[in-house]
Structures are given as C-alpha cells and as structure tokens.
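Below, each chain spelled out in residue letters.
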Protein chains: 2
Amino acid sequence: MPILQPIVNIAELLYQKGIIDVLVSPGSRSAPLTLAVARHPHLRIRVVADERSAGFIALGIAQQSRKPVAVICTSGSAVYNLAPSVAEAFFQQVPLLLLTADRPHEWLYQQDGQTIDQPGIFGSQVKRSYDLPADYAHPDSSWFIERSINEAITLTRSYPAGPVHVNIPLREPFYPTAGETFQFERVRTIDTLTGIPTLAPDTWHQLLTVWERSERILIAVGQLPRDPNLLRILRKISEELGIPVVGEITGNIPVNELFITHTDTFLTPLDDETGNMLRPDLLVTIGNSFLTRNLKTFFRKYPAHQHWHIQPMVDRITDSFQSLTTLIPSDPLLFLEKLFADVDYQRFLQGDDDDDSHEYLNQWLALDRQAAQHIDKTLNQPDTPLTDWSAVQVVLEQLPNNSILHLANSMPVRYANLCGIHERQQISVSANRGVSGIDGCLSTAAGAALATDQIVTVLIGDVAFFYDRNALWSAPVPPNLRIVLLNNDGGHIFRIIDGPSRQPELETYFETPHGYTARNTAEDAHLTYQVCDSLETLGSLLPDFFQPGQHAKLLEISTDKFINQEQFLAYKTTIK
Amino acid sequence: MPILQPIVNIAELLYQKGIIDVLVSPGSRSAPLTLAVARHPHLRIRVVADERSAGFIALGIAQQSRKPVAVICTSGSAVYNLAPSVAEAFFQQVPLLLLTADRPHEWLYQQDGQTIDQPGIFGSQVKRSYDLPADYAHPDSSWFIERSINEAITLTRSYPAGPVHVNIPLREPFYPTAGETFQFERVRTIDTLTGIPTLAPDTWHQLLTVWERSERILIAVGQLPRDPNLLRILRKISEELGIPVVGEITGNIPVNELFITHTDTFLTPLDDETGNMLRPDLLVTIGNSFLTRNLKTFFRKYPAHQHWHIQPMVDRITDSFQSLTTLIPSDPLLFLEKLFADVDYQRFLQGDDDDDSHEYLNQWLALDRQAAQHIDKTLNQPDTPLTDWSAVQVVLEQLPNNSILHLANSMPVRYANLCGIHERQQISVSANRGVSGIDGCLSTAAGAALATDQIVTVLIGDVAFFYDRNALWSAPVPPNLRIVLLNNDGGHIFRIIDGPSRQPELETYFETPHGYTARNTAEDAHLTYQVCDSLETLGSLLPDFFQPGQHAKLLEISTDKFINQEQFLAYKTTIK
C-alpha cells in the first residue's frame, strides 16, 4: 500500500457518497488530493487558480445541482481565500465539502512557508470541522479518516445543508514515484438515513384548530430554490382558501394574478389603518432570508398574533420578524399539502363556503396590482431613459423560458425584485442572499452555468463584476453564461439609499468611481462582447444575446448615475 | 453628544496613538467609522473596493512605514476577504489594526444581510480580538471602548508585531443628520511603555564563555527589514572575528566580498565531509523565516552543537532548524554590538590574534564564490536566452540605488535570491514570507509605493499578478510603482520542482496556462505598458523604465516555460 493510500481513498469516498463535482486550486501540499481526484475515473474536476473564485464557483454548482461539491486547496492563505464563499454557503445553506491540505501540525509557528493555524479555521461559519491525522501507520488512523469523511459528506447535506471543513495534514513525498499507479481501493461507506419529522396527531390537531380559528392567514416565502410542486400547492391554498401568498424574486415566487410580489413598493408608506388591515392573525413562513426591508419592517411593525415557521428540522430560533410563536419541524411542501388536504376535507364536511369572499386576499391583491401599475408607469413611458432599473425590466422580460437567472448583490437583485418575473417564463432564480456580499456573484453564476446546459444569465453591477472578475480568468468560462453588466461606474446603491447620498463623502468614500468598462476584461476572457447605450438597442440585442453560442457573452449597459438616481427618487416620492 | 460619539472618538485615538494611514473599503454598516476617519483632519485615507486588496495594501504600507495601519470594512463576508492579509501580517509580524463593522449581535442567525459570526473570527491568526459594545448609554461602555482601542493599538506594535482585530457592532442611524457636525473630542490615550530586556551579568558571562570556547561560530539571518546598522556590525564581526554571516535576499543581506549569500546553490549537493566541515559549533540566528529549503536542510542535517536565537522578547519556541538550545530575549542589533565590543576587548586584553587565519570563514567563502561563478556561468553566456531567471538578474542589476524591491512569491523571490543584490545598490527588499502566498503580492507592493516617494519595483509572475490585479482597479495606483511581470503563462514553479513536473497532470492541474497578457489590464489601470521579448531589449528598456513618471509602469517579459525549465535543470544538473 502506498503511504498515502488513505488520502487516495478520499476520492473514492467522495464518489461513493454522491459527490461528483470537485474544484481544485493548484498547490504542492495539496498534490496528493489533486492527483487522487484527477485520476479518479468518475469525478468531474475543474481547476481554478484563485481560491476565492473557486469557492464561489463550487457554491454555484451546488446551488444548481443541489448536491454537495468538494473544494480542494493547498495550505496557508489559500484556505483563507475560501472563507468568503464558506460564509455564504453556511448562511445560504448550500452543501460544500472543503478539503484543505495542511502541513503536519508540528510545523506550525516554525517559520515554514504556507503554514497557518488551519484546524477549525472557519470557526462557526462551518457546520463542523475535522482535522485528519498526518500519520497512517496505525490502522485506527485509516478508520478515523474513512469515518470522518463519511460523516462530513453526510453533514453537508443534512438540514440545514452547509459547508463542512476537513483539514488534511500531509507529509512528503506528495507525488507518486515513476511507474507507481493509484489504486482506488474498496472503501467503506456508512449510510446515514434521514428521518422525516412527523407531528404527533395531537400536535397536528392543535395546529389545525389554530388555523381554522384564524380569520386572516398569510403565507410568506423567503429565499428558496424554484419548486413547481410548491408553487402548485401555494396557488391552490391561495385560490381556494383566500390566503395571500407573499413572496420575493429570491424565493422564486413569480408574478401571476394571485401571488403578492410587489411588497417592496406598497409596504413602504403604510398608514396605521392599512397596516392593521393587512396584519395577519396567523403568519406562516417558509424558506430562508427575505430580501426587502419594507417587507421585514411591515411584519415587525404589525406582528401577527401567531407566527409559524416551517422548516425541515428544529434548529436555531430564527425570528426575523420578531413575532415567531411556533417553530414547526416539517418539510414545507409536505406540511402545506397535508394542511390543504385536511382543511379542504373539513370544508367539504361542513359545506362551509360562506367565507369565499376572500376579502383579506383581495385587500392584498388590490395593493399589489396598484404597485405593479405604479412600477409600470415608472418604467414604461415613451421617454423612459436607459437606467439600471429600466434595463433590468427589459432583460427580465426577454429571458429565455426555463432558463436560470443569478441576481448579483446589491442593486440588481433589488431592481429585479421590484419588477418580478412572470410565472409563464418559468425562470429559476438564485442569488447569494446568505451573507449578501458582492464578492462572489460572478463566480457563483459561472458555477451555475457549469452545472447545466441551460442559459444562465447573471445581472450584475460594475463593482461586483470587477471585484470578482477572476471568475473569468483561470476558470473555465462555460459558453451558456450570459453576463448583463449594469455599469454605472461605482457603488450605485450608496446614491440610492438615503444616508450616504446626503454626505459630501458620497463619491470618494462610498461610490468610488473607477472609469472601467468591461471591454478589455471580455477580450481577455474570450467573451462575445457588446455595448448598449439605449433602451431600444437593448431590446433588439437581447434575442440574439440569449441564443446559444460557442462563447459566453457579456452585454455591457452603460448608465448614468444621476439619471438612475433621478428615476429612483421620483419613484420613491410618488409611492409615499 | 451624538449617539455614536464613542465611535467618532476612535478616529482621534488612532491619530493620538500614532496611526496615520487608514484603508477603507466602502460599506453602509461601516459608514460611521468611514465618516469619522474621513473627517479627521490628520488621517490619511485610501479607499479600496476589494477588501482582499485593501488588507494587503495596508500590509505594504506598514512594511515600509514600520507603523501600524488601520483597515476599516463593513460587516459580513467583507471581513473574511481581509483574512488572507491578516494571516500574512501575523506570520510576517506586521502591525495592522482591523476595524470591522458588525451588526449588533442579537441579529446573528436572524437571516439578516451581511451578518456572520464576527467576534474572534480570525482565530489565532491575530494577536488579540476585541468586541466592542453596541450600546453606549452606560459610561462604562465608553470607558471600555477607549481602553480597548488603546490596548489594541499598543498590541499591534509590541513584539511580535502583528494584526489586532476590533469588531465594532453598530446600530442605525449610521449617518449624521443634515447640519450635524463631527466633533473630535479630547480622548484619553494610555501610554504603554516598552521595556528593553536585559540579560543579567551572570547570564551574559555564561553566553560569552560559550562564545569564546566555540571554534566555529556562524551567524544566520532570516527575514528582516534592511538595517544599515545591523549590516555594519555583521560586517565587523565577520571581518574581525572570522565568522561567516549567512543570509538571504529576504533578510536584506546583500552580496559583497564577505557575506555568504549563495547558499541555495552550494548547500545542495553536500557530501558528508563538506557538511561536517561547514557545520558550526555555535549557530546564532536572528530574524524571521528563511527562504530556501537547501539552507534549512543543511542546518537540520548538520545541527550546531549550540544554537542561539536572538529576538526582542521570549515568545514561542520557534525551532526552524531543530537545533535550538538557547532563546535569548534581546534586540539583535544591541546584542551583537555588545557581544562584539566585549569579545574585541577580551581579545585586546589577551593580545589574542593567533586565530586570524579565519579558516572557517574562508571555507564558507570559497564555496560561496564558486557558487556565484556558477550562476554567472549559467546566466551570462553570449547565447543566454531570455528566461525568468536571466531577466531577474538584469532587472536586479539595474535597480535604481536606494530603491525598494518587493519580491513576489513563488519563483521571483527564489530567482532573485539565487542572484542576490550587491551592497552598493542599497536596495531595501520586502516579500510576503510570513505565509508565502501569491494572493496579495501586487497589492503589498502598491501599498509600499504609497508609503514612499522612492521607486518601488515588484518582480512578479503571471499567476500572482492576475490573481491580485484588483490592486490596480479601485485602488489608487501610485506613480512610483514599477511592475516587472514575468509572464510564462502559468504556475511555472510546478515545472521547476521535481514532483509535479513528472506527472501527466502537470499542465492541466498545476500550471494552468491562461493565455493572458497584461496589456489590457495595464490599459484599464492607466499604466505605462511595455513588452519585452529579448534580453538585449530588456537591458536597454530598464533605464527609462526606472525613471520617475506620471504613471505607474508595467514591463511585461514574456518567457517560454520550456526554455525556463531547460535553463534551470541544466543549472541543477551541474551543481550536483
């Protein structure tokens, strides 16, 4: 057995436990891991030089495949370059397995290169952290490694999914000698079965009683991947029970005649009468974070009498609206399906159709429609200028059906949410709303495009784009990637929000204009590049832009920050 | 008093405690800190969008100024983007003060944006971590903040210097209301005086006895900033006492007729006879990490009977050569000066001149000269091709006197050390040899150039250059920066070292060729750009390249990886 056989076995364990995609950043200390996965017949390896980018590309693949993705890097600061994507994965609940090579621990603080204190380095930003032994002479060491990798992979997936760190100290030699071949031995996988939490009949009955006694029930959906089954049951509940379903673009709640998707516009200027009118007796939430402050503020200011949050397992008490009363361990889809079935059956038994006026739903719907009209009025005038926002609307409307959209932080995701996407387009939306940084949006979208053959469009501002342009450098840029770059020459959000826009330091300390266009970046990365400076051009460019092609494409939309600001302030003034 | 007055006071405390340079990355949560430092009349602020770059620019400024530099960033993954520079600063012992804005802690795990678990986030990679209160109503809170900032700044500088983290939870509002002005109140500074460790006369006497009884004494110098006084005493000790002084380019030990600087070449192929001949009885080391493996391996294989390490204070036992016997708390310069004076006086008293043959020194010198000739033969033939290494030699020889050189990881610093720099040029050398990552070399050099008016040259390979090119994007690029880019289209080190060069995965998984040139990057950043593809051109371009100018300059030297490899392998074969 070669000395590093337990390390070679990790590759086979990944495969056996369902991990196919592996990101590798080059390094010498990590070479045994790199060679093991590279020589494994069934793993799919991508090599990315910048670890920060590699981590976010892995995140993008995992977002789409909904399977854990492994990341391999060398020792030292390489590990710390993964940290931003680790934090995003933790809070967005995306499964990543971080395999970090390390020097054997006796070399820490001995002035050796690329040696930092790696065990547990990601602190509470990972679900768990393992530190493998550097010596394998004793058979218990191999047992420990095999068992830990089994547990670590299981853990990435179990609720809440997230990143798990395995630190791997390695001794030289790192490279096989001439003629030495890698054997992928039979490994032992340990299956960890998943239980489905079921509520006891008594508990279920109590919940049902509360539900039936509540006059005004509202369902709000936080960030979630697109799930047609969930949309179907939400539609049924809303339609037949008259319950408003409130959602945002990041929760994949589309615009249709029924869902409440314009809350960011109409929940702003509420007088108390309207606020109390809209306040639910029972609020039911599912999903992860909510995007807009207006929505969160509304639910905090007009708290529901009862607030249920449904999530697959009981974990922390996450009380975003400061109104939580009951945390329900259940799969949201199964819960809502069973609930609807039971309530519907009760109604059938009772012949209870007298509350079909759906007054509460209609109150929400009326405001939602009014808000939609208001946005329409803002964006669809004969003289509407080319702004970030109006560009976003045009792009959203022309997205190819069934394609994937990644919304970058910070303004693109907000503009897109103000517009919404119609249900018929069947767009799957993702965004890094775990930590909401601008640092890895482009890499995440590139990762998403690697995981699918569909068109993946990323809507991104210039600061986020240039910040993360290494996504396009050493990484493979998939030809189905479409980058729509809103270039307003700086951190535009600071001019839009109230506080910084009033400060004399706005431009120098917040916006930080840079004067860059993406032309050279696109040329270096062999992207098909187009510029657009009017709304009409934009509309006519997009059909071709979304066509499949040999290369990824970048469409740069140059906007004027003052016109952007003017349009947004006018909108804000009129909604007050 | 405005609500955030204790935060505003931090700016004044920085100034009073000797911090002038502050790096700011834009953010809203961090706005009170940003505004406080921006409005302070005496602080020097630079704004950099990419926090990873900001951290390394701060490190570069601190390397040159030898004063702590503060870094301000917003909450969330922004903080984690500082981590690579924090690790480098910790292990390189460079003083940084990290001021990270945070949400008040009650918002953690509440699905709020840009909220991660920040207190203590840098683990053991900082000297200490503080977490300030979010509420200032009780006067003890202000006392705590003032005291903590005092302590934190002191700590960045005290031996071993390094990064200190202050996490600062902030409540809204972040921005002053219209007409509200910032008052920089009188703050209380707490001076922490520094003691100089002094050895008791008995202890000193014992050391002196060991010194005098040792026949073969050798001094080896690890990474240290340039210090003419230290060079002077080292020269004296070597010349008059016949003691070899061994050093590397990162220890700022220059090439002259006396110092032993070519160890990487001649310590490779030692037979045991030579090894034992060179082995010291007493080894004295000062400084931080050593660069080359050959040197480290020699001292491990032929350990000194006694090994003293001299550092300003007793801290950890760092035993790089596995031979340490005595850790001596003393300033290296003062120690060596006193030692020389005492030994010299003893010799005078004893009239002891009979060991002036300097046999041991001459043994080292002979090998060093032979090595220098060998390198000369490798690089200075009529038909020497343009390679990374031959380019490095030409650049080093033409560096402007008294200028600053930053050596990037991984090959440039090694090539430069093989060549060395002559004492007459008086070059001050820096390199990120704390953790030895490629991640922030360009930013560090840009930081160095911000801290001085002298020419700062960075020798950098293409992977390190593109990895860190955000140094040139939103950051101010100082006109005295000179970038010499050795572009061999990939991670060349893997082709040079033995293990990976033998693997079929070399190109795809280690070198990762990208096909980029820096032309577009230079154009975007308004750098003066030149390409060079022959050794003659290089020699003729450099005088103008090093002239002062309005813009930073980039000289791209394209080399062929196969020719690089051939030259290096030929060198390695002949030294065997």
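Residues numbered from 1 in each chain as written. Chains lettered and ligands numbered in written order. Predicted model: local features only at pLDDT ≥ 70, side-chain atom pairs only at ≥ 80, totals over all residues. Heavy atoms only, no water.

Student: Describe in detail the overall build of chain A, supporting the description with residues and values.
Tutor: Each helix and strand counted, chain A has 23 helices and 17 strands in total. Taken over C-alpha atoms, the radius of gyration comes to 26 Å for chain A, in line with the 25 Å a tight globule of 576 residues would show. Dimensions of chain A, computed from C-alpha atoms along their principal axes, come out at roughly 80 × 65 × 45 Å. Counting across all 576 residues of chain A, residues that qualify as buried make up 64%. The long-range fraction of contacts in chain A, counting pairs at least 24 apart against all pairs at least 6 apart in sequence, stands at 78%. Carbon and sulfur atoms form 50% of the exposed surface of chain A, whose accessible area is close to 21,000 Å². (Helix = DSSP H or I, 4+ residues; strand = E, 2+ residues; numbered from the N terminus. Rg over C-alpha atoms; globule rule 2.2 N^0.38 Å. Buried < 20%, exposed > 50% of the residue type's maximum accessible area, 1.4 Å probe, protein only. Contact = heavy atoms within 4.5 Å. Areas by Shrake-Rupley, 256 points an atom, 1.4 Å probe, with all protein chains shown as cover.)

Student: With reference to specific residues and values, describe the sheet that holds strand β7 (residues 217-221) of chain A.
Tutor: All names here are of chain A. Taking strand neighbours across the sheet as the criterion, the five strands line up as β8-β7-β9-β10-β11 in an open arrangement whose pairing is parallel. The open sheet has two free edges, formed respectively by β8 (245-247) and β11 (326-329), since each of these has just one partner strand. Adjacent strand axes in the sheet meet at a mean angle of 20 degrees when their direction is disregarded. Relative to strand β9 (residues 282-286), β7 is paired through five bridges, and the arrangement is parallel. Pairing of Ile 219 across the sheet is with Val 284, part of β9. Relative to the sheet, helix α7 (residues 201-213) contacts β7, β9, β10 (306-311) and β11, its axis offset from that of β10 by approximately 130 degrees. Docked against the sheet, helix α8 (residues 228-241) engages β7, β8 and β9, running at close to 160 degrees with respect to β7. (Pairing = 2+ DSSP bridges. Axes fitted to C-alpha atoms, helices over the stretch in contact; angles between N-to-C directions.)

Student: Now, about the interface of chain B and chain A: what can you tell me, with residues and values included?
Tutor: On the chain A side, the residues contacting the 88 residues of chain B number 88 residues. Of the roughly 7,600 Å² buried at the junction of chain B and chain A (both faces included), carbon and sulfur atoms supply 50%. Applying the counting criterion to the chain B and chain A interface returns 10 salt bridges. Salt-bridge contacts for Asp 112 of chain B lead to Lys 296 of chain A; the nearest nitrogen and oxygen are separated by 3.1 Å. Examining the composition of the side of chain B that touches chain A, we find that five residues originate from one element, helix α5 (residues 83-92) of chain B, more than from any other. (Buried area = accessible area lost by both parts, 1.4 Å probe. Salt bridge = Lys/Arg side-chain N within 4 Å of Asp/Glu carboxyl O.)

Student: I'd like to hear about the domain arrangement of chain A, residue by residue, with values.
Tutor: All names here are of chain A. Here chain A is described as being made up of domain 1 (2-169), domain 2 (201-368) and domain 3 (380-575). Distance between the C-alpha centres of domain 2 and domain 3: 31 Å. Taken together, the contact between domain 2 and domain 3 spans 19 residues of the former and 20 residues of the latter. Each partner contributes to the roughly 1,800 Å² buried at the junction of domain 2 and domain 3, and carbon and sulfur atoms together form 50% of this total. (Domains from an automatic or database assignment.)

Student: Run through the environment of Pro 329 of chain A, naming residues and quoting values.
Tutor: Residue and element names in this part refer to chain A. Its location among the elements puts Pro 329 in strand β11. Each C-alpha atom, one on Pro 329 and one on Pro 197, is 6.2 Å from the other, the two residues being 132 residues apart in sequence. Other than its neighbours up to four places away in sequence, Pro 329 contacts Pro 197, Leu 199, Gln 311, Pro 312, Met 313 and Val 314.

Student: Describe the UniProt feature "domain: Thiamine pyrophosphate enzyme N-terminal TPP-binding" (unreviewed entry) in chain A, naming the residues involved and giving the relevant values.
Tutor: Using the residue numbers shown here, the UniProt feature "domain: Thiamine pyrophosphate enzyme N-terminal TPP-binding" (unreviewed entry) corresponds to residues 10-118 of chain A. Segment residues 10-118 of chain A splits into 42% helix and 18% strand. End C-alpha atoms: 19 Å apart. (UniProt positions renumbered as here; feature names shortened; annotations may be inferred.)

Student: A description of the sheet that holds strand β10 (residues 306-311) of chain B should follow, citing residues and the corresponding values.
Tutor: Residues and elements named next belong to chain B. Reading across from one edge, β8-β7-β9-β10-β11 is the order of the five strands in this open sheet, with parallel pairing throughout. Where the open sheet ends on each side, the last strands, each with one partner, are β8 (245-247) and β11 (326-329). Adjacent strand axes in the sheet meet at a mean angle of 20 degrees when their direction is disregarded. Of the pairings in the sheet, the one linking strand β7 (residues 217-221) to β8 comprises three bridges and is parallel in character. Its bridge partner lying in β8, Val 221 is registered against Gly 247. Packed onto the sheet, helix α8 (residues 228-241) meets β7, β8 and β9 (282-286) and runs at close to 160 degrees relative to β7. Set on the sheet, helix α12 (residues 332-350) makes contact with β7, β9, β10 and β11; between it and β10 the angle comes to about 125 degrees.

Student: Requested: an account of unusual backbone geometry, with residues and values cited.
Tutor: Here Tyr 159 of chain A and Pro 160 of chain A are connected by a cis peptide whose omega angle stands at -15 degrees. Although it is not a glycine, Tyr 109 of chain A sits at a positive phi angle of roughly 65 degrees. Residue placement: Tyr 109 of chain A occurs in the loop between β4 (96-102) and β5 (129-131). According to the relative accessible area criterion, Tyr 109 of chain A is buried, its value standing at 17%. A positive phi angle is found at Gln 426 of chain B, which is not glycine, with a value near 50 degrees. For Gln 426 of chain B, the position within the fold is in the loop between α15 (411-419) and β13 (428-431). Gln 426 of chain B sits in the partly exposed class, given a relative accessible area of 37%.

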